Amino acid sequence: MSARTHLHLAAEIGGPPHYDAGHYLRLAELAEDGALDYVTLGDSFARPGLDALAVLARVAPGTDRIGLVPTVTTTHTEPFHVSSAVATLDWVSRGRAGWQADVSTTEAEARLFGRRRAAPPAALWQEAGEVADVSGRLWDSWEDDAEIRDTATGRFIDRDKLHHVDFAGTAFTVKGPAIVPRPPQGRPVTVLDATTAPAREAAARHADVVHIRATTPEQAAAVRDEVRARAAALGRDPAALRVLVALTVDLGDVETTPEPGLETGPRLAGRGTYFRGGPVDLADLIARWHGSGAADGFHLTPITPERDLERIVNGTVALLQHRSLFRTFHPGGTLREHLGLPRPASRYATARTAAKGA
Amino acid sequence: MHLAAHFPGVNNTTVWADPRSGSQIDFSSFEHLARTAERGKFDFFFLAEGLRLREHNGRIHDLDVVGRPESLTVLNALAAVTERLGLAATVNATFNEPYELARRLATLDHLSAGRAAWNVVTSSDAFTGENFRRGGYLDRADRYVRAAEFVATARELWDSWTPDGVSRPFSHEGPQFTISGEFTVPRSPQGHPVVIQAGDSDEGREFAASAADVIFTRHGTLEAGRAFYADVKSRLAAYGRQPDDLRIMPGVTVVTGDTDAEAQELAYEIRRRQVSPQNAILAAEQVWGTDLSAYDPEGPLPDFDPVPDSGITQGRVRHGDPLETAARWRALAEAKGLSLRGTVIKTTARQSFVGSPATVAAELTAFVDGRAADGFILVPHLTPGGLDDFVDRVVPILQESGAFRSAYTGSTLRSHLGLPEPVWKG
Ligand SMILES: Cc1cc2nc3c(=O)[nH]c(=O)nc-3n(C[C@H](O)[C@H](O)[C@H](O)COP(=O)(O)O)c2cc1C
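Residues numbered from 1 in each chain as written. Chains lettered and ligands numbered in written order. Predicted model: local features only at pLDDT ≥ 70, side-chain atom pairs only at ≥ 80, totals over all residues. Heavy atoms only, no water.

### A look at the overall build of chain B
The secondary structure content of chain B amounts to 14 helices and 15 strands. Compactness check: chain B gives a C-alpha radius of gyration of 22 Å against a globular reference of 22 Å for 426 residues, within 12% of the reference. In terms of overall dimensions, chain B has C-alpha extents of about 70 × 50 × 40 Å along its principal axes. Counting the 426 residues in chain B, one finds 60% classified as buried. Sequence separation of at least 24 residues holds for 76% of the intrachain contacts in chain B that already meet a minimum separation of 6. (Helix = DSSP H or I, 4+ residues; strand = E, 2+ residues; numbered from the N terminus. Rg over C-alpha atoms; globule rule 2.2 N^0.38 Å. Buried < 20%, exposed > 50% of the residue type's maximum accessible area, 1.4 Å probe, protein only. Contact = heavy atoms within 4.5 Å.)

### Quick notes on the nonpolar core
Residue and element names in this part refer to chain B. Core analysis: the biggest nonpolar cluster contains 187 residues, and Phe42, Phe45, Leu78, Trp118, Phe376, Phe390 and Leu398 have the highest contact counts within it. What Trp118 contacts, discounting residues up to four positions off in sequence, is Ala89, Val91, Leu101, Leu105, Phe150, Val151, Ala154, Trp158, Val194, Val195 and Ile196. One finds Val275, Ala284, Trp329 and Ile345 within the second-largest nonpolar core, a separate group that totals 15 residues. (Core = buried A, V, L, I, M, F, W, Y, C linked by side-chain atoms within 4.5 Å.)

### Section: the interface of chain B and chain A
With 60 residues of chain B in contact, the opposing surface of chain A contributes 65 residues. At the surface where chain B touches chain A, the tally comes to six salt bridges. A salt bridge links Asp51(A) to Arg103(B), with the nearest nitrogen and oxygen atoms 3.6 Å apart. At the boundary of chain B and chain A, one finds 30 residue pairs in polar contact (both at pLDDT 80 or more). Listing elements by their share of the side of chain B that touches chain A, those giving two or more residues are helix H1 (27-39), strand E4 (59-60), helix H2 (71-78), helix H3 (98-111) and strand E8 (178-181) of chain B. Here the side of chain B that touches chain A takes seven residues from H3(B), the largest share from any one element. Residue composition of the side of chain B that touches chain A, grouped by class: 25 nonpolar, 19 polar and 16 charged. (Salt bridge = Lys/Arg side-chain N within 4 Å of Asp/Glu carboxyl O. Polar contact = N/O pair within 3.5 Å; in protein donor to acceptor, adjacent residues only side chain to side chain. Nonpolar A, V, L, I, M, F, W, Y, C, P; charged D, E, K, R; others polar.)

### Thoughts on H3(B)
Residues and elements named next belong to chain B. Between its terminal C-alpha atoms H3 stretches 20 Å, which fits the 20 Å expected from 14 residues at 1.5 Å a residue. Of all 14 residues in H3, 14 are buried; the element is thus mostly enclosed. Phi turns positive, to about 55 degrees, at Ala113, one or two residues after H3. (Expected span 1.5 Å × (residues − 1).)

### Quick word on the sheet that holds strand E6 (residues 116-121) of chain B
Residue and element names in this part refer to chain B. Ordered in space as E1-E2-E5-E6-E9-E10-E11-E15, the eight strands form a closed barrel in which the pairing is parallel. Neighbour-to-neighbour, the strand axes of this sheet turn through a mean angle of 25 degrees, independent of strand direction. In the packing of H1 onto the sheet, the strands contacted are strand E1 (2-6) and strand E2 (44-47), and the crossing angle to E2 comes to about 145 degrees. Strands in contact with H3 are strand E5 (86-92) and E6; relative to E6, the strand with the most contacts, it is inclined by about 150 degrees. (Pairing = 2+ DSSP bridges. Axes fitted to C-alpha atoms, helices over the stretch in contact; angles between N-to-C directions.)

### Thoughts on the sheet that holds strand E13 (residues 313-314) of chain B
Residue and element names in this part refer to chain B. With respect to topology, three strands assemble into an open sheet ordered E4-E3-E13, the strand pairing being antiparallel. One side of each edge strand has no neighbouring strand; the edge strands of this open sheet are E4 and E13. Pairing of strand E3 (residues 55-56) with E13, which is carried by two bridges, proceeds in the antiparallel orientation. Pairing of His56 across the sheet is with Thr313, part of E13.

### Details of the site of the ligand
Residue and element names in this part refer to chain B. Taken together, 14 residues lie around the ligand, and Glu49, Arg143, Tyr144, Ala198 and Ser201 are the ones closest in. Residue Thr122 places a main-chain N or O atom 2.7 Å away from an oxygen atom belonging to the ligand. Within the backbone of Asp200, a nitrogen or oxygen atom sits 2.9 Å from an oxygen atom of the ligand. Against a free-state accessible area of 620 Å², the protein chains account for coverage of 84% of the ligand. Counted by class, the shell around the ligand contains five nonpolar, four polar and five charged residues. (Near = heavy atom within 4 Å. Areas by Shrake-Rupley, 256 points an atom, 1.4 Å probe, with all protein chains shown as cover.)

### Concerning the packing of helix H8 (residues 279-291) of chain A against helix H9 (residues 305-322) of chain A
Residue and element names in this part refer to chain A. The geometry of H8 relative to H9 is characterised by a closest axis approach of 8 Å and an angle of 45 degrees between their N-to-C directions. Judged by the angle between their axes, H8 and H9 are oblique. Taken as a pair, H8 and H9 cross one another with a handedness that is right-handed. Here Pro279, Val280, Leu282, Ala283, Ile286 and Ala287 of H8 lie close against H9, whose contacting residues are Arg311, Ile312, Gly315, Thr316, Leu319 and Leu320. Taken together, the residues that form the contact of H8 with H9 break down as nine nonpolar, two polar and one charged. (Parallel < 35°, antiparallel > 145°, perpendicular 65-115°, else oblique. Left-handed = near helix turned anticlockwise from the far one by under 90°.)

### Regarding the pairing of strand E10 (residues 214-217) of chain B
Residue and element names in this part refer to chain B. Of the two faces of E10, the one carrying Val214 and Phe216 and the one carrying Ile215 and Thr217 are both buried. For strand E9 (residues 194-197) and E10, the ladder comprises two bridges, and the chain directions are parallel. Each bridged residue has a counterpart across the sheet, and for Ile196 the counterpart in E10 is Val214. Crossover connection from E9 via helix H6 (residues 202-211) to parallel E10: handedness right-handed. With four bridges connecting them, E10 and strand E11 (residues 247-252) associate as parallel partners. (Right-handed = clockwise from strand over helix to strand, strands pointing away.)

### Some remarks on empty space enclosed by the protein
Counting across every chain of the model gives six cavities of 30 Å³ or more. Space inside the largest cavity adds up to approximately 200 Å³. Lining of the largest cavity is provided by 16 residues; of these, Asp51(A), Leu53(A), Val72(A), Glu100(B) and Arg104(B) occupy positions nearest its centre. Of all elements in the fold, only helix H2 (52-59), strand E3 (67-73) and helix H3 (79-92) of chain A together with H3 of chain B reach the threshold of two or more residues within the lining of the largest cavity. In the lining of the largest cavity, the residues fall into six nonpolar, four polar and six charged. (1 Å grid on protein atoms, 1.4 Å probe; cavity = no way out; pocket = protein on both sides within 12 Å on 5 of 7 lines; lining within 4 Å. Points joined across faces, edges and corners; volume = space filled by probe spheres on them.)

### Things to note about the confidence of the model for chain B
Confidence in the prediction for chain B averages 94 pLDDT; 98% of positions are at 70 or higher. Both scores are available for the predicted complex, with the pTM at 0.95 and the ipTM at 0.95. (pLDDT = per-residue confidence, 0-100.)

### Focus: the confidence of the model for chain A
Scored by pLDDT, chain A has a mean of 92; 93% of the residues are at 70 or more. Within the model, pLDDT remains below 50 along residues 255-264 of chain A, and this stretch shows 12 contacts once partners closer than five positions in the same chain are excluded.

### Details of unusual backbone geometry
Cis peptide bonds are those with omega within 30 degrees of zero, and the linkage from Gly176(A) to Pro177(A) qualifies with -10 degrees. If you trace the backbone, Pro177(A) turns up in the loop between strand E8 (173-174) and strand E9 (189-193). With an omega of -5 degrees, the peptide bond running from Thr383(B) to Pro384(B) counts as cis. With respect to the helices, strands and loops of the structure, Pro384(B) is situated in the loop between strand E15 (375-378) and helix H13 (388-400). Non-glycine residue Ala113(B) carries a positive phi angle of around 55 degrees. Along the chain, the position of Ala113(B) falls in the loop between H3 and E6. Residue Arg371(B) is not a glycine yet carries a positive backbone phi of 55 degrees. Examined against the element boundaries, Arg371(B) turns out to sit in the loop between helix H12 (357-369) and E15. Given the relative accessible area of 53%, Arg371(B) is considered exposed.

So, in C-alpha cells, the structure goes:
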C-alpha cells in the first residue's frame, strides 16, 4: 500500500430532479462550507432532469471555491461541443471545472438522437476515452501566451501558438483548434468512474480523478494499485492520479447506533457501495480507510441530498477537521489546487520548446 | 422600441487595441456588459457563435479578437447575476441535434426563470464541418430545410410535457430527423424559448416569417430597413401570423459625443482604429481573392480584377459580388483621392448612429416610427464598457420621451418583447 496522501472529499448533489437553480446552489454552498474538493451532478438523457453542466454554470457565480463536476455524456454528443462547454465552465467558475465523462448504452437513448444504434459498452468507453483525449488536445490547442495584443504589428494573437489538433478517432475526427482560449486550469479536471473494466481502461489513460467501488479497504487498495500501475504502464505519472472511493450514504435517522452488521463498512448494493450509519461512523470509516492508504479520498452520494449533505458537512467533515484529518478551508482557488494536481503545460508548447532545444 | 446588447464579436468592429479594451473571455467582461444592459432595461443580451476559427490564406486569422466561450454555458452563469434581462445564444442548427439542443435551451429557460432565446443560424461549409462528427456539411439548399425541421422538432419536444407537468412520449419522423422517446425537461417558463433568426437570403426570410419571433438583420439604413421590414412583415400572413408576432431588430453601432461634431470626430477615429493598416490589406484581399501582402496600405488599390471564388478566406460570411465591389471601390478612390486603407475606411465599418445623445435618441425613434425596425441590437466596439455611455446618456432620453420602457413590466423575455404565449400543442 502506498503512502498516505491528503484526504480528498467530494459529494454528489443530484437526486430527484429539481428545476430551479436555488436548490442546487444551496447544496453547492453547503459543500463549499465543508471545504470539500468538489461537487458532482449526475446526468443522463434517459431520465428527467436539467442539463447538469448548465446547472453548475448557473451555480458558479454564487460560489467561490468549490469544484464543479457535471456528468457529460460522450455517446451521442459532439466532442467539439463537449470540450467547448467544459472549457467554458472553467472560465465562468474561474478555474473550478471538471467533468465526469459517461456513456449512453441504451437503445432508448439512441432513439432520442436517431443517428446511430446503441453499441456495446467497450466500444462506447473506447469512444469516451477518445473524447477525453481530443478534449485535452483542444484545451492545449491555444498555448497560454497565444494572445499577444501587439499593436505595433496589429496582431491580436500569435498564430504560431494556435494549433490544429487533427484528431482522428475510431468514430469521429476533429480539426481544431478550439474556439475557446486555453481555460484557467489549462485542462479542466477529468473524472472517470472505473467500476467496469472498459471504463477502468479509459480512466487509467485519461482521468485525473478515478472513482472506484470497494467494500473493504483491502479491495480499495488493490483497485487503486491496479489503476495506478496501468497508468504508469501507459507512461503517466501515478502521483498525478487521485483515486476516490465512491460510497452511497444514508445517514438517515441513525444518529448514534449503526444498523447491526453494517457498522464496520459499506456493503455492495445496487449501483454501488452503500453505507448506512451515523455521521460519526462515516468519519471513522473515512479516517480508517484513508489512514491505511487504501484511497486518496471519498466521493459520497447522499441518498437524500438535502438531509444527508448537511449531516456530512456538519457531522462527518467537522469531526475529520477536528481530528486534523481534513482541511478547514480551501487554501487554493482552483479545483486542481484543491486536488494537489499541477496545472499542465500545453503539449504543443512543450513540443515547440523541445524542438527548439534540439 | 426594443433594445439588445451584442457582446463584442470576433471581427474588426471590436477595437482591441484601445487601452480601455478588456478581456473578451473573462466572465467579468460578460457580467459587466450584461449588468449594463439590465441597468438600461434592455430586452436581451446576445452572444454570437463561430464554430471554426477563421483562416486567411491557409493560416489562422490573427488581426481581430479571436476566441470566445460557449454561449449557453456563459448565459447560464449570467442568469445568476441578472434578474430580468433576456439571454440569447446563437447556436448552429447544422452542427447540433434537436434532442440535445432543445434540452439545453429548456434548461436555460428554467434556470433563468423564462429568459432564454435561441438565435438559429445555419451553416453549409465543409470548413466548419471539419470539427464535427457529421464531418461534412449540408448542401447549401438544405440549410434552412434542416433548420426549419429542427425548430419544429424542438417545439414538439418543448410541448411534450403537459403544462401541469406530465411527461408524455414524443415521436418525430421527418426527412431530417427520426427520433422518439421522452424529453427530460418539463415545459419551461416561456413554454418555448424565444427564437431569433439571422440570415438574409430569401429562404432565410421565409424561414423567419414562418417560425421566428425576432429577426436579427444587417439592414441598418433607413431605406434598406424599410424595404426589409415591409418585405418580411408581408410574408407573415401566409403563415397565419400577425405583423407584431415578429420583431425586426437590425444590428447597429452607435457613437455619442457631447455634440454632434464631437461624435463625428470620435466616429472617424474609431473607424481608423477598426481598419488598421493590416486589416485594410486583409479587407482588400477578401475582395480581390489574392495575396496583397506586398501592397502598401497607404498606396493605391490593385489595378487588376478580383479572382472570383478563390477560397482565400475561410469561415467568414461573404457579401456581394467581388467584381462589383472592386469597381465601386476604385471609383470612390479616384473621386476622393483615397489610398487603399482610406477606401476601406470609407466603405466599411461605418457606424449607424452618430451624434449627441439627443440626436441619436431622435434617430433611433425615427427608425421605429418610420417602420424600418422594431428595435435594435447594439454592437459596441469596446469590451466590456462599450455600452456604458449609451445606457447612461441615450436610454434616459428614450425613456423620457416614452419611446422605451423605464421599468420591466414582466419577468420573461417574451413579455419584454410583447410576444404572445406559444399555444401548447398537446
Ligand atoms: C446579423 C447577422 C448575424 C449573424 N450572426 C451569426 C453568428 O453569430 N454565427 C453564425 O454562425 N452565423 C451568423 N450569421 C449567419 C447566418 O445565420 C446565416 O447562416 C448565413 O447568413 C447564411 O444564411 P443566408 O444565406 O440566409 O444569409 C449571421 C447573419 C446575420 C445577418
